[in-house]
Amino acid sequence: MPTYKLINSYDAGGDMDKEWYVSYHYLIPEKFRKPNGNLYKRFRVFNTINSIHSKVERRKQLLVVKSAMQDLLQSGFNPFEQYSYSNNSNANKYNVCRCIDEYLEFAKTTLKKNSYSVYEDRLHLFKSFLIDNEIDYKRIDQITKDNIFDFVTLYKANRGWANKTFNLYLQAIHSFLEFYIDNKENYLNVNVCAKIKRLGVQKKGNLPFNNAIFKDLLDYLKNNDSYLYQFCRLIYYSCMRPDAELRLLKIGHIDLFRRVIQVPSDNSKKNKTQYIPIDDELMNILLDMNLDRFSSTDYVFTLNEIPGPLPVYESYFRKRYLKVKNALGINNGETLYSFKHTRCIHLVQDGEKLHNIIKITRHKTLAELMDYLKDMGVVMGDEVKFKSRSI
């Protein structure tokens, strides 16, 4: 069985915008061979070819590289031994798969655990695609727009990705490439992912409760699940995010003297410590909970339904809420977040000023708050009266 075969050159049909290369197939050593896998692996050589901008000169260089590879292979060159050495060498530090690993090591120290896991999964899938398609040898600056587009379109078709998922994978690759542009010299100058068009995503908007459902829901919770009722009331009055913030609320975060709740930077959406005012209604609820009997380091919501050292797991209240939704036939997409949305609408309807509402919602600007309210169908300003004719 020959150790190598099929030494070919590819000129992309004369297209100077595409990559030209010399390719060959080399017998995969048994220790690297997958069970029932291919016997040969294809290698492509780009060196010095695509840096030439004259079609005639590039074709000459293509022949030079092909002849050189023939001589190398005949003299015993083994790309697997070469690659094994390069993996530990400074010369291979630009390899795209190695760069993905390096980026993820950095991201692990800067991202929250859940956010890191999402990036890790997406970039590992991209890395698998590069390996499966035998383009894992490329430098990070040799990854093309086509490579990335082929990846997302393949998985969108095979896995039935929604447009939003398609865009999120592009965003992960974009962030990975941008990291090297922003922080490393001589790795990358252009982020080719930025040029790939994102797919349209239908914005569902924020869905509050209507008055009838809201009343029925509160009545049901009072009588059938008082613990979930307490959790939902705190979402309503504090406008905290259910899983990322309220679930992780500790007694020490609540300052009844200053009448504020602290949202630590580790939990807040903006990654900085924020404070939520405690109004009279919320104050009465917190006083009734008798939290002063427990340690300041205890979490407010636990599996034992009293403050303790461990918070409930992430989907705990969502699962309880789902049972209530099913019992009441609530199926229009209202979530635990709907308590926050409903609170904001009630504040507007009750005449509260926007500069007070923004203290609870923690939007950065009044414009952001206005957009948020607009998404929920809140019309700001005077009552709308049009001059209309009967038809």
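Not measured: the values here are computed from a predicted model.

Conventions used here
- Residues numbered from 1 in each chain as written.
- Predicted model: local features only at pLDDT ≥ 70, side-chain atom pairs only at ≥ 80, totals over all residues.
- Heavy atoms only, no water.
- Helix = DSSP H or I, 4+ residues; strand = E, 2+ residues; numbered from the N terminus.
- Expected span 1.5 Å × (residues − 1).
- Buried < 20%, exposed > 50% of the residue type's maximum accessible area, 1.4 Å probe, protein only.
- Pairing = 2+ DSSP bridges.
- Axes fitted to C-alpha atoms, helices over the stretch in contact; angles between N-to-C directions.
- Parallel < 35°, antiparallel > 145°, perpendicular 65-115°, else oblique.
- Contact = heavy atoms within 4.5 Å.
- Nonpolar A, V, L, I, M, F, W, Y, C, P; charged D, E, K, R; others polar.
- Phe/Tyr/Trp six-rings, centres within 6.5 Å; stacked < 30°, edge-to-face > 60°.

J.: Sorry, what's going on with helix H11 (residues 337-349) here?
T.: Three- or four-residue spacings in an α-helix give side chains the same orientation, since the helix completes a turn every 3.6 residues. The first and last C-alpha atoms of H11 sit 19 Å apart over 13 residues, in line with the 18 Å expected at 1.5 Å per residue. Where burial is concerned, most of H11 is hidden: 11 out of the 13 residues are buried. Where H11 is concerned, the buried positions are Ser338, Phe339, Lys340, His341, Thr342, Arg343, Cys344, Ile345, His346, Leu347 and Val348. Phi turns positive, to about 85°, at Gly351, one or two residues after H11.

J.: Hey, could you run me through the sheet that holds strand E1 (residues 4-10) in this one?
T.: The strands that make up a sheet are held in pairs by hydrogen bonds between backbone atoms, and each pair lies either parallel or antiparallel. Strands sit in the order E1-E2-E3 across an open sheet of three strands; the sheet is antiparallel. Two strands lie at the open edges of the sheet, namely E1 and strand E3 (40-45), each paired on one side alone. Ignoring strand direction, the axes of neighbouring strands in this sheet form an average angle of 20°. Where E1 lies against strand E2 (residues 21-27), five bridges are found, and the strand directions are antiparallel.

J.: Quick question: what am I supposed to make of the pairing of strand E6 (residues 274-277) here?
T.: Residues of E6 alternate between two faces, with Gln274 and Ile276 buried on one and Tyr275 and Pro277 left unburied on the opposite face. For strand E5 (residues 260-263) and E6, the ladder comprises four bridges, and the chain directions are antiparallel. When the bridges of E6 are listed, Gln262 appears paired with Tyr275.

J.: Whenever I open this one, the packing of helix H3 (residues 96-110) against helix H6 (residues 163-183) confuses me. Can you help?
T.: Each pair of packed helices gets described by two things: the angle between the helix axes and the distance between those axes. For the pair H3 and H6, interaxial distance at closest approach is 10 Å and the crossing angle is 90°. Here H3 lies roughly perpendicular to H6, going by the angle between them. Of H6, the residues touching H3 (which contributes Val96, Cys99, Ile100, Glu102, Tyr103 and Phe106) are Ser175, Phe176, Phe179 and Tyr180. Considering only residue class, the contact of H3 with H6 consists of eight nonpolar, one polar and one charged.

J.: So what exactly am I meant to see when it comes to the side chain of Gln274 here?
T.: As for its position among the elements, Gln274 is in strand E6. For Gln274, a relative accessible area of 10% translates into the label buried. With near-sequence residues (within four places) excluded, Gln274 lies in contact with Ile261, Gln262, Val263, Ser268 and Arg362.

J.: How should I be thinking about the environment of Gly377 in this particular structure?
T.: Mapped onto the secondary structure, Gly377 falls in the segment after helix H13 (366-375). Here Gly377 falls in the exposed class, since its relative accessible area comes to 57%. A sequence separation of 169 residues divides Gly377 from Pro208, and the C-alpha atoms of the two residues are 9.7 Å apart.

J.: Even after reading the chapter, I still don't get the packing of aromatic side chains, so can you show me in this structure?
T.: Note on aromatic pairs: each is described by the distance of the centres and the angle between the planes. Under the defined criterion, the tally for this structure stands at 28 aromatic pairs. Centre to centre, the rings of Tyr155 and Trp161 are 5.8 Å apart; their planes meet at 20°, and the pair counts as stacked. We note that Tyr155, like Trp161, is buried. Taking 4.9 Å as the distance between ring centres and 65° as the angle between the ring planes, the aromatic pair formed by Phe209 and Phe339 counts as edge-to-face.

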